[in-house]
Each structure stands twice: as structure tokens, then as C-alpha cells.
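Summary of structural features
Each chain, letter by letter, is given below.
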Amino acid sequence: MISVHPVPILSDNYAWLLRDAPSGAVAIVDPAEAGPVIAAIEAAGGRLDLILLTHHHADHVAGTDAVRARFGARVAGARADAHRLPALDLALAEGDRLALGAAQARVLETPGHTRGHIAFFFDTPAILICGDTLFSLGCGRLLEGTAAEMFASLRKFAALPAETLVCCGHEYTASNARFARHADPDNAALAAYAETVRHRRAAGQATVPSRLADELACNPFLRAADVATLADLRARKDRF
Ligand code: ZN
Ligand code: FE
């Protein structure tokens, strides 16, 4: 049984602390800033087994070597991007599985934001670690990939259980909500969810993890019916 907590780092990034209660095994996702990540791991008991990397951008990987040096954890990331990630102990591809204590994660290749982007899906309970592929009410910019690749990546997420907790790489939800309301003005579920987001931010709370069910009801990028619709949305969001 895994618990998951966001660790706010940099200006609007989240590292994610995952802990398997029965074994005490701990993983950290995308430790781009060593100080607050090390403090969070110490507060959770000072044990670290795994460092999971979603993609090569500095705002996701920059603290990796400092965190590894402190705790001696194994580093897991995409085999396809091994040449531009910190040194990997586990080089991963689609369908690979990795263990965190008694829990298991499945690796999903999710290109679009970057070519070698990967996501991790834990199924007890359902937790999706999706980096900069899917955001709450948004999706990542197409910096290296195509709209067709991003569409296929988002389809993989849409097929996961509705109760899945979506753990993304940034607190972008409030600004994403403004574009989503503009793009899908008649969506009542989105209007209500945007209010929830506004209240959480006003109270200084994180808006993530979100629930996949809410993203499926409210996120225009996840709801796009085809590649052309997604490409159009992404282009309009880039200019919004
Ligand atoms: Zn990125
Ligand atoms: Fe990022």
C-alpha cells in the first residue's frame, strides 16, 4: 500500500515522495532541488530506495546526483534518454516493471513533451506519475514530439482506472483552468472544478494529486477526440 506526497521545489515544480508502508521503502520522483527533497526524505525516516526520473529537463533531474550521494538510492529513468539523464542504475522501456517494497510500478513510454519521456503507474492504490506529459487541466508543451505522439501518450493515461491519483510535475492548474474554461465554456463539470481549484490556491494548498476521473471530465487535452483537435488546442494554449 503506497502513500504519495508532493514536495514543492523550485518555483512551481513538484517532486513526489512515495512510501510503501509495509516495507518502509521510499522513492522520490524528479528531485530537481536537493535541499527540500533531502529534508522531506529525512522527515519520512531517512530511507531512500529509488529515484524515479520522468524526463531529462533540468527542472526535473538537477538534484539527482546530490540526493543519490546522500542516500545511495538507485536511479531509474528512460533507456532511450540515458545519454542525457544522470547516470542510470535502471534503464527502462515500455512495459518494464519495478518494485518499491511490495508495490509494483509499470513503465509507460509517453513521448510528446520530450522524446524519451516516461511515466510510472502503481496499481495499489492507483497512482500515476506523469511528469510533464499530463498536467491537471492541461498537458505538456510539444518541445520535441508531435501532436500524434502526445495524443497516443494521453490515450494510455485515459485507459487507467478512474480513481487513479494523477501526480504531475508542476502546479500549473490555476492557469490551465483559465484556458480550459476558454476552450470548453459549456462544460459544467469543468466550471465547478475550476472553482475548487481557485479555493485551494487561495488557501495556499496544492491542487495535485488530482483524480483521473476529474481530468477525464474536465481536461480539454485529455478529452480531445483526435490528433487534429489536440494539435489545435495545444497551439492555441501556446498563444493564450
Ligand atoms: Zn519538462
Ligand atoms: Fe518541467
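In this report, the structure presented in the accompanying data block is examined.

What counts and what doesn't
Residues numbered from 1 in each chain as written. Chains lettered and ligands numbered in written order. Predicted model: local features only at pLDDT ≥ 70, side-chain atom pairs only at ≥ 80, totals over all residues. Heavy atoms only, no water. Helix = DSSP H or I, 4+ residues; strand = E, 2+ residues; numbered from the N terminus. Rg over C-alpha atoms; globule rule 2.2 N^0.38 Å. Buried < 20%, exposed > 50% of the residue type's maximum accessible area, 1.4 Å probe, protein only. Areas by Shrake-Rupley, 256 points an atom, 1.4 Å probe, with all protein chains shown as cover. Lys, Arg positive; Asp, Glu negative; His and termini not counted. Charge placed at Lys NZ, Arg CZ, Asp CG, Glu CD. Donors = N, O, S within 2.8 Å, 3.2 Å for Na, K, Ca; no water. Tetrahedral: all angles 85-135°; square planar, octahedral: opposite > 155°, others 65-115°. Axes fitted to C-alpha atoms, helices over the stretch in contact; angles between N-to-C directions. Parallel < 35°, antiparallel > 145°, perpendicular 65-115°, else oblique. Left-handed = near helix turned anticlockwise from the far one by under 90°. Contact = heavy atoms within 4.5 Å. Nonpolar A, V, L, I, M, F, W, Y, C, P; charged D, E, K, R; others polar. Pairing = 2+ DSSP bridges. Arc of directions from axis to C-beta.

Let us now look at the overall build of the protein chain. Summing up its helical and strand segments, the protein chain has nine helices and 14 strands in all. The globule rule puts the C-alpha radius of gyration for 240 residues at 18 Å, and the 17 Å found for the protein chain is close to it. Dimensions of the protein chain, computed from the C-alpha atoms along their principal axes, are close to 50 × 40 × 30 Å. Buried residues in the protein chain amount to 52% of all 240 residues. Taken as a whole, the protein chain presents about 9,600 Å² of accessible surface, with 53% of it coming from carbon and sulfur. Considering the protein chain, the positive charge centre built from 24 side chains and the negative charge centre built from 27 side chains are found 2 Å apart.

Any two of four tetrahedral donors ideally make an angle of 109.5 degrees at the metal, while pairs among six octahedral donors ideally make 90 or 180 degrees. Protein-derived ligands of the iron ion (ligand 2) are Asp59 (OD), His60 (NE2), Asp132 (OD) and His170 (NE2), with the metal-ligand distances lying across 2.1 to 2.3 Å. Around the iron ion (ligand 2), the four donor atoms sit at angles spanning 83 to 170°, and that spread fits a shape best called irregular. Spacing between the donor residues of the iron ion (ligand 2) along the chain follows D-H-x71-D-x37-H. The zinc ion (ligand 1) is placed at 3.2 Å from the iron ion (ligand 2), the two being bridged by aspartate 132. Taken together, the residues span a long stretch of sequence, with histidine 60 in helix 2 (residues 58–61) and histidine 170 in the loop between strand 13 (165–168) and helix 5 (173–183) at a distance of 110 residues. Across this residue pair, the class does not change: histidine 60 and histidine 170 are buried.

Contact pair helix 5 / helix 9 (residues 227–239): the axes reach a minimum separation of 11 Å and the direction vectors enclose 125°. With respect to each other, helix 5 and helix 9 are oriented oblique. Along this stretch, helix 5 crosses helix 9, giving a crossing that reads as right-handed. Contacts between helix 5 and helix 9 involve Asn176, Phe179, His182 and Ala183 from the former and Leu233, Arg236 and Lys237 from the latter. Across the contact of helix 5 with helix 9, the residue classes break down as three nonpolar, two polar and two charged.

Let us now look at the sheet that holds strand 7 (residues 97–100). Judged by pairing direction, the sheet is mixed, and its six strands sit side by side in the order 7-8-9-10-13-14 without closing on themselves. Strand pairing shows two members of the sheet lacking a second neighbour, strand 7 and strand 14 (210–211), which therefore form its edges. Across two bridges, strand 13 lies against strand 14 in antiparallel orientation. In the sheet register, valine 166 faces strand 14, and the bridge partner there is serine 210.

Listed in full, the buried residues belonging to helix 3 (residues 64–71) are Thr64, Val67, Arg68 and Phe71. Seen along its axis, helix 3 keeps its buried residues to an arc of 100°; they face one direction. On its buried face, helix 3 is in contact with strand 3 (25–29), helix 1 (34–43), strand 4 (50–52), helix 2 and strand 5 (74–78). Just past helix 3, the residue glycine 72 takes up positive phi, approximately 75°.

Remember that the coordinates give geometry; whether it matters functionally is a separate question.
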